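Notes for the structure review
Chain by chain, the residues:
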Amino acid sequence: MSGVEIARLCKTFGGDVPAIDELSLAIEPGEMLVLLGPSGCGKTTLLRCLSGLERPDSGEISIADQRVFGDRVEVPTHRRDLGMVFQNYALWPHMSVVENVEFPLRYRGRLPREERRRRAHEALSLVECEHLGDRLPSQISGGQQQRVALARALVGEPSLILFDEPLSNLDYRLRVQLRQQIRELHRSLGFTGVYVTHDQTEAMQLGSRVVVLERGRVAQVGTPEQLFRSPKSPYVADFLGIDNRVALERKREGWLANGLPAQVADGHGLPEGRYDLFLRASDISIGTPAAMAGYGVTLAATLHDKVFAGEVTEWILQLGDTRIRAVSGHHDVAALVGERVVVGFELKSAVVFRSEASTPY
Ligand SMILES: Nc1ncnc2c1ncn2[C@@H]1O[C@H](COP(=O)(O)OP(=O)(O)OP(=O)(O)O)[C@@H](O)[C@H]1O
């Protein structure tokens, strides 16, 4: 059985810029596919096309081997065998928690009432909310409401569960907790999911694979690790939070980083030319010249700020006319704000693009 097949999907809302542009994707059964990208890149439109809440202009969609759109077929939302979890919970305010969870089962075959109730309680226990069954949604917290919405999406064991930024209305601690809970439920129940977010940490932690969207097209798709290790373009690197950008130039007489001299022990065969380097904050070290001597690339910078952030310290470094950010678990670098420090990193840990080409070197 296949999970979801999307072929050559197009959707334009007036104007000439398509929200979804000839997009094709295959989602494996049991996979959690995360759609990631900045505001306006088409995540919600794609999710709404899958749900049937939006009508594509052309293309095809199949869910669990059933064609739901295309070729004169258009299956309405309630017949697509979906579960949905929205940002705003969307529970029925006049129904109790257990009635809300039971609701999708009313439309699935002819289950006896007791069986529906039993399954609703079972789904509530999966999200640790069994004790809330008799309350109204207004009598439980936002985090509990979202757990109930999750139980409602799971209860009918649908072919596909759609998540539309479900954690964005919750505070940080709840977000972290519920993210872990969704991850564990996905692992134990093995449902197929499509999850929209613009938060790269959420995408990395939840996605079996992550799709980075750019103007309605797939910029890159891969496992979180593939994307983080080998982003294919500056757009993807930037969006994955690899946001330290250094302009490196190799000239016959030496190397420049952001226009300032840099010592490069191992140039990894880069020919003369200009490069854009994307560096992960955790791959950058700072220290004294002696401590940094073993690094492939070293350069001088000014310590602009030092931020103690609990488990890590962040070092904001002024490098020519730009700032870069290093993080480390070591809090004991002696430098004071305003002092000169030496920055060290390895060229092989950077993502290197030719400046003019925007393709990986
Ligand atoms: N109902 C609509 N009418 C007109 N234009 C729309 C409509 N819905 C979306 N768009 C446009 O389509 C493009 C994609 O929007 P979409 O909401 O899918 O992006 P998104 O990535 O989900 O953004 P966000 O993270 O802000 O929700 C945007 O340019 C948006 O302005």
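Okay, so let's go over this structure. Please read all numbers here as calculations on a predicted model, not as lab measurements. (Residues numbered from 1 in each chain as written. Predicted model: local features only at pLDDT ≥ 70, side-chain atom pairs only at ≥ 80, totals over all residues. Heavy atoms only, no water.)

**Some thoughts on the overall build of the protein chain**
- Of regular secondary structure, the protein chain possesses nine helices and 21 strands.
- By residue count, 48% of the 361 residues in the protein chain fall in the buried class.
- By sequence separation, contacts in the protein chain at least 24 residues apart represent 66% of the contacts at least 6 residues apart.
- Accessible surface for the protein chain amounts to roughly 17700 Å². Of this, 48% is attributable to carbon and sulfur atoms.
- Across the protein chain, 42 positive and 46 negative side-chain charges occur, with their mean positions spaced 3 Å apart. (Helix = DSSP H or I, 4+ residues; strand = E, 2+ residues; numbered from the N terminus. Buried < 20%, exposed > 50% of the residue type's maximum accessible area, 1.4 Å probe, protein only. Contact = heavy atoms within 4.5 Å. Areas by Shrake-Rupley, 256 points an atom, 1.4 Å probe, with all protein chains shown as cover. Lys, Arg positive; Asp, Glu negative; His and termini not counted. Charge placed at Lys NZ, Arg CZ, Asp CG, Glu CD.)

**Digging into the site of the ligand**
- Around the ligand, the surrounding shell consists of F13, A19, P38, S39, G40, C41, G42, K43, T44, T45 and E165.
- At a separation of 2.8 Å, an oxygen atom of the ligand approaches a polar backbone atom of G40.
- A total of 630 Å² of accessible area belongs to the ligand in isolation, and the protein chains cover 54% of it. (Near = heavy atom within 4 Å. Polar contact = N/O pair within 3.5 Å; in protein donor to acceptor, adjacent residues only side chain to side chain.)

**Remarks on the pairing of strand β7 (residues 82–85)**
- Burial along β7 is two-sided: L82 and M84 and G83 and V85, pointing in opposite directions, are all buried.
- In terms of strand pairing, β7 meets strand β8 (residues 160–164) through four bridges, oriented parallel. Considered in β8, the bridge of L82 is made with L160. (Pairing = 2+ DSSP bridges.)

**Focus on unusual backbone geometry**
- Phi is positive for Y89, which is not a glycine, with a value near 70°.
- Looking at the element boundaries, Y89 is found in the loop between β7 and α2 (97–102).
- One non-glycine residue, N258, adopts positive backbone phi at about 50°.
- Residue position: N258 is located in the loop between β13 (254–257) and β14 (260–264).
- With a relative accessible area of 16%, N258 lands in the buried category.

Everything listed here is a matter of geometry and, on its own, says nothing about what the molecule does.
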